[in-house]
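A look at the structure
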Amino acid sequence: MSLFSSLSIGASGLSASSVAISVIGDNVANINTTGFKSARPTFAVQFPHPQGTLGGVSQMGQGVTLDNIASMFTQGSLQATESALDLAITGKGFFQVSDGEKEMYTRDGTFYLNADGFIKNSLGLKLQGFNVYDNELSTTLGALHISTAPIAQNATETITLEAILAADISFDDDGDGVPDIPYTTATKDGTTSASTIEELSTTADFATSATVYDSLGLSHDLTIFFERTGDNSWNWSAVVDGGDVDFGGGNYGEEGAALEIEGGTMTMDSEGNMSSFTSAATATAWSFRGADTMDLDFEMGLDTAGVENDGGVRMAGVSSTVTALDQDGYGVGNLSNVQVDRDGAIYGIYSNGEELVLGRVAVALFGAESGLERQGGNLYRATRNSGPPAVGIPDTAGRGSISSYALEKSNVELEDQFVLMIEAQRAYQGNARVVNAANETLQELVNLV
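Heads up: these notes are all about the structure in this document.

So, how was this worked out
- Throughout, a residue's number is its position along its own chain's written sequence, starting from 1.
- Predicted model: local features are reported for residues with pLDDT of at least 70 only, side-chain atom pairs are reported and counted for 80 or more only, and whole-chain, interface and lining totals are derived from all residues.
- Note that water and hydrogens are dropped before the side-chain values are worked out from all heavy atoms of the structure.
- Helix and strand definitions here come from DSSP, where helices need a minimum of 4 consecutive H or I residues and strands a minimum of 2 consecutive E residues; each element is numbered from the N-terminal end.
- Relative accessibility thresholds used throughout: buried, under 20% of the residue-type maximum; exposed, over 50%; partly exposed, between the two (1.4 Å probe, protein chains only).
- Contacts are assigned to residue pairs that have any heavy atoms within 4.5 Å of one another.
- To measure how exposed things are, a 1.4 Å probe is used in the Shrake-Rupley method; for residues, cover is taken only from the protein chains shown.
- Neither His nor the chain ends contribute to the count of charged residues, in which Lys and Arg are positive and Asp and Glu negative.
- For the purpose of locating charges, the reference atoms are NZ of Lys, CZ of Arg, CG of Asp and CD of Glu.
- To count toward a patch, a residue needs a relative accessible area over 30% and no salt bridge; like charges are then connected within 9 Å, while nonpolar side chains (Val, Leu, Ile, Met, Phe, Trp, Tyr) are connected within 5 Å.
- Whenever a carboxyl oxygen of Asp or Glu lies within 4 Å of a side-chain nitrogen of Lys or Arg, that contact is scored as a salt bridge.
- For two strands to be treated as a pair, DSSP must find at least two bridges joining them.
- Each nonpolar core is a collection of buried residues, namely Ala, Val, Leu, Ile, Met, Phe, Trp, Tyr and Cys, held together in the definition by side-chain atoms within 4.5 Å.
- Any two of the Phe, Tyr and Trp rings considered here, Trp counted by its six-membered ring, make a pair once their centres fall within 6.5 Å; the pair's planes then place it as stacked at under 30 degrees, edge-to-face at over 60, or tilted in between.
- Two conditions define a charge sitting above a ring: the NZ of Lys or the CZ of Arg must be within 6 Å of the ring centre, and it must be within 35 degrees of the ring normal.
- By the criterion applied in these results, polar contacts are pairs of N or O atoms within 3.5 Å in which, for protein atoms, one can donate a hydrogen and the other can accept it, and in which residues neighboring in sequence qualify only through two side-chain atoms.

1. Structural notes on the overall build of the protein chain
For the protein chain, the helix and strand inventory stands at three helices and 33 strands. Along the first, second and third principal axes, the C-alpha set of the protein chain runs to 140 × 50 × 30 Å. Classification of the 449 residues of the protein chain by burial places 41% in the buried group. Summarising the internal contacts of the protein chain: among those between residues at least 6 apart in sequence, 63% fall at separations of at least 24. On the protein chain, roughly 23100 Å² of surface is accessible, and the fraction owed to carbon and sulfur atoms is 49%. When the 20 positive and 59 negative side-chain charges of the protein chain are each reduced to one mean point, those points stand 24 Å apart.

Listed below in C-alpha cells is the structure:
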C-alpha cells in the first residue's frame, strides 16, 4: 500500500508543480498587459491517512493539493500616455464598466470617446460614473455620456478689476488749486462730436482695456479710464467704440468715437485703500449692433453702498498697473479637449477658453478584492466572497485617485517570477524522482513475486 501511496504522492507533487509553473507562465506572459495583477498559487496538505504503529495510530500525508490561486492587487507603476482618457487609479479601487446588463470591474483604464459621446473600453463596455444634468453633477450612477456640442455664448455681466493707481500723479500742474482734468470735460457720446478713444488715452492719468461679449457672442473692446481729481479722489469712466453701437432705429455711432457707458468716482483713505465708490450708467439708450442691451456691473473693491466685492483698486507710491482683470462673458465655444482631475471630474476645454464639468468617473471599492473572479479582457466579476461594490467619488473613503494621461502597468516583477520558476522547476524534478523511485521499487517487488 505504501509504495502505491508513494506513486500517488509523487503524482500530486508533479501536479502542484505544474500548476505553479503555469501560473508563473501566465504572469510572465502578461508582463505588458495594462492593469494586470499577478497571481500566486497556494497549496495545502491532502487529508492524511491513518497508519497503525507500535506507538499507536499515526498519520501519513497523502501529498499536496491546490488550495487557491490568489490575485495580488499591489499597485503597478504608471506609464505616461498622450490621451486624456487614458486613466490610472493610484490606490485601491476599480473602474466599473457595463454592457447595459451586467457590471464588470477593471484596472485597465484604456478608454476612448465614441461617436455617440459614451466613454468605452476596447471591448465596447461603457465606463460608469456621474453625468451632468442642468449644469449639476448627478448622484446617480450611469454610463458616462460626454456632450461634444458647442456651448452657447454668454453676454458679459460683471467686470472685476484689481489695480494700483500711482499716488505721485499730479492733478494740479499749474498750481492754481484747480484740478487739471481735460479728460473729464471731454465729450463722450459716441458721435462725430465726441473725443476719440486715442485722444482720451493721451489725456487720462491711467487706462486699461478689456474684451466684453454681447448677447450674440461678439467681442468688443472696452476701455476704463482713470483721472485723479484730488489728493484722495479719482474719476473713472468705462468707454466703448461708438462705431459698435446702435442708439436705436439704425442710428449708429461714429467709428473710433468714445461712448461712455458707465462712470463714477472713487475715494481713497490715507493708506490708499478705497473708502467710497460711485457708479452711474450713461443716460443715452444704446446697445451693441443687433444685440440685447447690456447692464454691466463694475467691481473694483466696493459697491455704491460701501459693501466689499471681488475687485480691488487702491492707490500707492508705485507706477499705475493692473494686477487682475476678469469678465464673465464669452463667445461660442467648441470642445477642443477634455481633462480628468484626481477626483474623477471630467472638464471640457473649449475654444473660447471656458472649462465646464462634463461628468465624473466613479471608482468601485470592495471589502475583499481578493474574492473577485477573473474574467477575460482584463475584467473582474464581483462574487459573494468579494462582497458588493461601494461605488463613489475617487480619492474619497479609501478609494484611489485618478491620474489622466497615464495607464497602470502590470505589477509583475520579472526577477521574482524567475526565482519562483526555478523553485517550481526543481520541485517538479524532485517529485519526478520520487515517482521514478517508487516505480523502480514496485518493479523490484514484482520481480521478487
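After that view, the rundown keeps rolling.
2. Description of a negative patch on the surface
A surface patch of like charges, here negative, comprises E157, D295, D297, D326 and D328. Mapping D326 onto the fold places it in strand β24 (residues 321–327). Looking at D326, the relative accessible area reads 51%, which means it is exposed.

3. Some words on the environment of G333
Residue placement: G333 occurs in the loop between β24 and β25 (335–340). Once the C-alpha coordinates of G333 and G25 are considered, the two residues, 308 residues apart in sequence, prove to be 52 Å apart.

4. What to know about the pairing of strand β14 (residues 206–213)
Pairing analysis gives eight bridges linking β14 to strand β15 (residues 219–228), with the strands arranged antiparallel. Considered in β15, the bridge of Y213 is made with S219. Following β14, the chain reverses through five residues before pairing antiparallel with β15; G217 in that reversal takes a positive phi of roughly 85 degrees.

5. Side note on the nonpolar core
Most often, soluble globular proteins keep nonpolar side chains buried together rather than apart. With 33 residues, the main nonpolar core has L222, F226, W236, M266, F298, M300 and V313 as its most contacted residues. When residues of this core are traced back to their parent elements, those giving at least two are β13 (158–166), β14, β15, β16 (233–241), β18 (258–268), β19 (274–277) and β23 (312–316). For this core, the element with the most residues is β13, which contributes five residues. Setting aside anything within four residues of it in sequence, one finds L222 in contact with I159, T208, S209, A210, V212, A238, V239, V240, I261, L296 and F298. Counting 24 residues, the second largest nonpolar core, distinct from the first, contains F95, V340, L358 and V361.

6. With respect to the side chain of T383
By secondary structure assignment, the location of T383 is in the loop between β30 (380–381) and β31 (390–392). Note on T383: relative accessible area 19%, which makes it buried. For T383, the residues in contact, after removing those within four places along its chain, are G371, L372 and E373.

7. Considering the pattern of salt bridges
Tallied over the entire structure, the rule returns seven salt bridges. The partner of K37 in a salt bridge is E408, with the nearest N and O atoms 2.5 Å apart. One end of the pair, K37, is in the loop between α1 (2–29) and β1 (39–45); the other, E408, is in strand β33 (residues 406–408), and 371 residues separate them in sequence. The residues K37 and E408 share a single accessibility class, namely buried. Here K92 makes a salt bridge to E369, at a shortest N to O gap of 3.5 Å. With K92 in the loop between β6 (87–90) and β7 (94–98) and E369 in the loop between β28 (363–365) and β29 (373–374), this residue pair connects regions lying 277 residues apart in the sequence. Given the relative accessible area of 48%, K92 is considered partly exposed. Overall, E369 belongs to the buried group, its relative accessible area being 16%. Look at the salt bridges and you will find they share partners, linking K37, R107 and E408 into a network.

8. Notes on the packing of aromatic side chains
A complete count under the given rule lists 10 aromatic pairs for this structure. Their ring planes at 55 degrees and their centres at 5.3 Å tell us that W236 and F298 sit as a pair that is tilted. Taken as a pair, W236 in strand β16 and F298 in strand β22 (residues 297–299) lie far apart in primary sequence, 62 residues in all. A residue is classified by how much of its surface remains accessible, and F298, at 4% relative accessible area, is buried. Through a chain of ring-to-ring contacts, the aromatic side chains of F73, F94, Y105, F366 and Y380 assemble into a single cluster. When the ring centre of F118 is taken as origin, the NZ or CZ atom of K126, which lies over that ring, is 3.9 Å away. The ring of Y252 is capped by R289, whose NZ or CZ atom sits 3.7 Å from the centre of that ring.

9. Focus on the environment of V322
Looking at where V322 falls in the secondary structure, it is placed in strand β24. Discounting residues that sit within four places of it in the chain, V322 has contacts with L161, E162, A163, F206 and T208.

10. Topic: the side chain of Q417
When you line up the elements, Q417 lands in helix α3 (residues 414–448). Within the structure, Q417 has its side chain in polar contact with the side chain of N27 (distance 3.2 Å). Sequence-distant contacts of Q417, defined by excluding residues within four places in its chain, comprise I24, N27, V28 and V412.

11. Looking at the environment of R107
Relative to the elements of secondary structure, R107 occurs in the loop between β8 (103–106) and β9 (112–113). Note: C-alpha distance between R107 and S276 (169 residues apart in sequence) is 59 Å. Not counting chain neighbours up to four residues away, the residues in contact with R107 comprise G35, K37, Q75, I89, G91, K92, G93, F94, F95, N378 and E408. Of note is the side chain of R107, whose polar atom sits 3.3 Å from the side chain of Q75. Of note is the side chain of R107, whose polar atom sits 2.9 Å from the side chain of E408.

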